[in-house]
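Breakdown of the fold
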Amino acid sequence: MNNETVLVLDFGGQYNQLIARRVREAGVYSVVKSYKTPLAEIQEAGYKGIIFTGGPNSVYDEASPHYPKEILSLGVPVLGICYGAQLMAWMLGGQVVSAEREYGSTTASVDAGSALFRGLDAEQQCWMSHTDCIAAPPEGFRITAATPHCPCAAMENEEKKLYAVQFHPEVNHTTRGAEMLRHFLFDVCGCKGDWQMSSFVEDSVAKIREQIGSRRVLCALSGGVDSSVAAVMVAKAVGRQLTCIFVDHGLLRKDEGDMVEKMFTENYDIHFIRVNAQDRFLGKLAGVSDPEAKRKIIGEEFIRVFEDEANKLGEIDYLVQGTIYPDVIESGSDKAAVIKSHHNVGGLPERMNLRLCEPLRDLFKDEVRRAGLELGLPYDMVWRQPFPGPGLAVRCIGAVTRERLDILREADAIFREEVAKAGLERDISQYFAVITDMRSVGVMGDSRTYDYTIALRAVTTTDFMTADWARIPLDILAAVSNRIVNEVQGVNRVVYDITSKPPATIEWE
């Protein structure tokens, strides 16, 4: 990688990869490395700047992640965020204290004379999430921002190019946060902004070619944007060494299997194999209601199917998957809690006969789409609705049966048709139907019914790490509900989910 690079030094916070994403959005390449990375390695890398991330710990706890203070004497600009700010203050002899917990949107008074806040209004909306705070900055630093509960919300030593903010400029809730980061990158670090998605694609193709060499590789192709971009990227790197395996597990949306097969066989020179494994997957899922168990079963069975196909094809060394970063972080990473296991991360079996190639593992969904466009994928494919790897199994609450899947498929198709008809498909980040395990009494004609409830879920988001429920017009929801209860046998009630993420997740399971 010949691009200028900024290091994001990870101290275990929830927004660590988001910081790297914001840096890349500014046109500066970024890498995320653990706080355990040796100082010599950092010194030799020639980074243009270093960003200390947040984290859930206290700097005074010996078990908390720390770093040798010599990193602040390398002559490389450093920006500390939240825990990273406290760590910088503590390392240099400042005072960090426990304070009143400050969480959420807060108004901060900022000094426009600071390089970080140049050109900004004196009052800024910032996102806080901390218990400790900097009570007194180290010698040589001056305070450049404050809130009612945090006397040192930002500090700097301009001469040594050391900057720190207690709030999170990387999240959207800090309304001018992107500009603050750009000030650090361009005004402090002297970056030129020479990284583009084309650079990532080119570099990734080269890395894949080096990793795979002359060996043969399988791709776990679902037809969704993630696995499709991964497939085309690997094909660009190794050509006909790639075989794409599309597993039709019986958990796909309406007509999806035929659509995926047609698209790849008619548009790409890729060895494509469709494996019809509906009976195999549904047999394994019979009687299973626990969502984590479903994901583990599906992850295990996916790998076994690929291994079976690999045995038929001869010697295969690698398995390509469209894993992206939200999959990884929600499956648990370092100090992050396990929210749910994704079938291609936490759901993988311990024993695997294939090595993994995951070229999109560090990208968010919008970055994957940009990579897809760079690779020349059709626009409609790139903007196709996200679909979980375990398929409709995690949108079928409770036991998975053919009957319930058929009901769900029809209801989901109606929802997607009506959203598209209203021209809202690009305004809503993700939308789908869920069949609940609840039945209730209804009336159709003069007869009593006792049928399933369908839940509709639609969210808006930029990064899929947080999301808000979509404000779909009521007349559209009414049309969807009316069609589902009249056209889908076995449903007599439709509800709409108005919960954000957090506290909910986007999927129901």
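Quick look at the structure, then. (Residues numbered from 1 in each chain as written. Predicted model: local features only at pLDDT ≥ 70, side-chain atom pairs only at ≥ 80, totals over all residues. Heavy atoms only, no water.)

**Observations regarding the side chain of R21**
Of note, R21 is situated in helix α1 (residues 16-25). In this structure R21 comes out as buried when scored by relative accessible area, which is 2%. Within polar-contact distance, the side chain of R21 engages the side chain of D366 at 2.6 Å. (Helix = DSSP H or I, 4+ residues; strand = E, 2+ residues; numbered from the N terminus. Buried < 20%, exposed > 50% of the residue type's maximum accessible area, 1.4 Å probe, protein only. Polar contact = N/O pair within 3.5 Å; in protein donor to acceptor, adjacent residues only side chain to side chain.)

**Here we look at unusual backbone geometry**
Outside of glycine, negative phi angles account for most residues, and trans bonds account for most peptide bonds. In this structure, the amide linkage connecting K501 to the following residue, P502, adopts the cis form with an omega of -15°. Tracing the backbone through its elements, the reader meets P502 in the segment after β18 (491-496). Note the cis peptide between P502 and P503, where omega equals 15°. For P503, the location among the structural elements is in the segment after β18. The phi dihedral of D255 is positive, around 65°, even though this residue is not glycine.

**Structural notes on the packing of helix α5 (residues 197-212) against helix α6 (residues 225-238)**
Orientation of α5 relative to α6, taken along the N-to-C sense of each, is 65°, at an axis distance of 8 Å. The handedness of the crossing between α5 and α6 comes out as right-handed. For the pair formed by α5 and α6, the contact residues are F200, V201, S204, V205, I208, R209 and I212 on the first element and M233, V234, K236, A237 and V238 on the second. Among the residues forming the contact of α5 with α6, the class breakdown is nine nonpolar, one polar and two charged. (Axes fitted to C-alpha atoms, helices over the stretch in contact; angles between N-to-C directions. Left-handed = near helix turned anticlockwise from the far one by under 90°. Contact = heavy atoms within 4.5 Å. Nonpolar A, V, L, I, M, F, W, Y, C, P; charged D, E, K, R; others polar.)

**Some words on the nonpolar core**
Across soluble globular proteins, nonpolar side chains show a tendency to be buried alongside one another. One finds L9, I50, F52, I71, V229, M233 and L242 to be the most contacted residues of the largest nonpolar core, which totals 71 residues. Counting residues per element, this core draws most heavily on α6, at 10 residues. The residues contacting I71, other than those within four sequence positions of it, are L9, L39, I42, I50, F52, V78 and M91. If you look at the next biggest cluster of nonpolar residues, it comprises 49 residues, including V305, F306, L392 and I484. (Core = buried A, V, L, I, M, F, W, Y, C linked by side-chain atoms within 4.5 Å.)

**Observations regarding the sheet that holds strand β11 (residues 242-248)**
Each strand in a sheet pairs with its neighbour through backbone hydrogen bonds, running either in the same direction (parallel) or in the opposite one (antiparallel). Read across the open sheet, the five strands follow the order β12-β11-β10-β13-β14; overall the sheet is parallel. Among the strands making up the open sheet, the edge pair consists of β12 (271-276) and β14 (355-357). On average, adjacent strands in this sheet sit at an angle of 30° to one another, irrespective of strand direction. In this sheet, β12 lies alongside β11 in parallel orientation, the contact comprising six bridges. (Pairing = 2+ DSSP bridges.)

**Some words on the pattern of salt bridges**
Using the criterion set out here, one finds 34 salt bridges in the structure. For R22, the salt bridge identified is with E25, shortest N-O distance 3.3 Å. With R22 and E25 both in helix α1 and three residues apart, the pair spans about one turn of that helix. Two residues, D226 and K365, come together in a salt bridge whose shortest N-O distance is 2.8 Å. Of the two residues, D226 sits in helix α6 while K365 sits in helix α11 (residues 365-375), which places them 139 residues apart along the sequence. Taken together, the shared-partner salt bridges connect E417, E418, K421, R483 and E487 into one network. (Salt bridge = Lys/Arg side-chain N within 4 Å of Asp/Glu carboxyl O.)

**A closer look at the pairing of strand β4 (residues 78-81)**
Regular strands place their side chains on alternate faces of the sheet. The side-chain alternation of β4 yields two buried faces, one formed by V78 and G80 and the other by L79 and I81. Note that strand β3 (residues 49-52) and β4 share three bridges and pair parallel. Paired with F52 across the strands is G80, a residue of β4.

**Some remarks on the pairing of strand β10 (residues 217-220)**
Burial of β10 is two-sided: the residues V217 and C219 facing one way and the residues L218 and A220 facing the other way are all buried. Pairing of β10 with β11, which is carried by four bridges, proceeds in the parallel orientation. If you follow V217 over to β11, its bridge partner there is L242. Chirality of the crossover, the property in question, places the unit of β10, α6 and β11 among those that are right-handed. Sheet topology note: the β10/strand β13 (residues 318-320) ladder contains three bridges and is parallel. Bridged to L218 within β13 is L319. (Right-handed = clockwise from strand over helix to strand, strands pointing away.)

**Comments concerning the environment of F200**
Looking at the element boundaries, F200 is found in helix α5. Each C-alpha atom of the pair F200 and E374 lies 9.8 Å from the other, and the pair is 174 residues apart in sequence. For F200, the residues in contact, after removing those within four places along its chain, are W195, M233, P359 and L363.

Read these as spatial facts, not as claims about activity.
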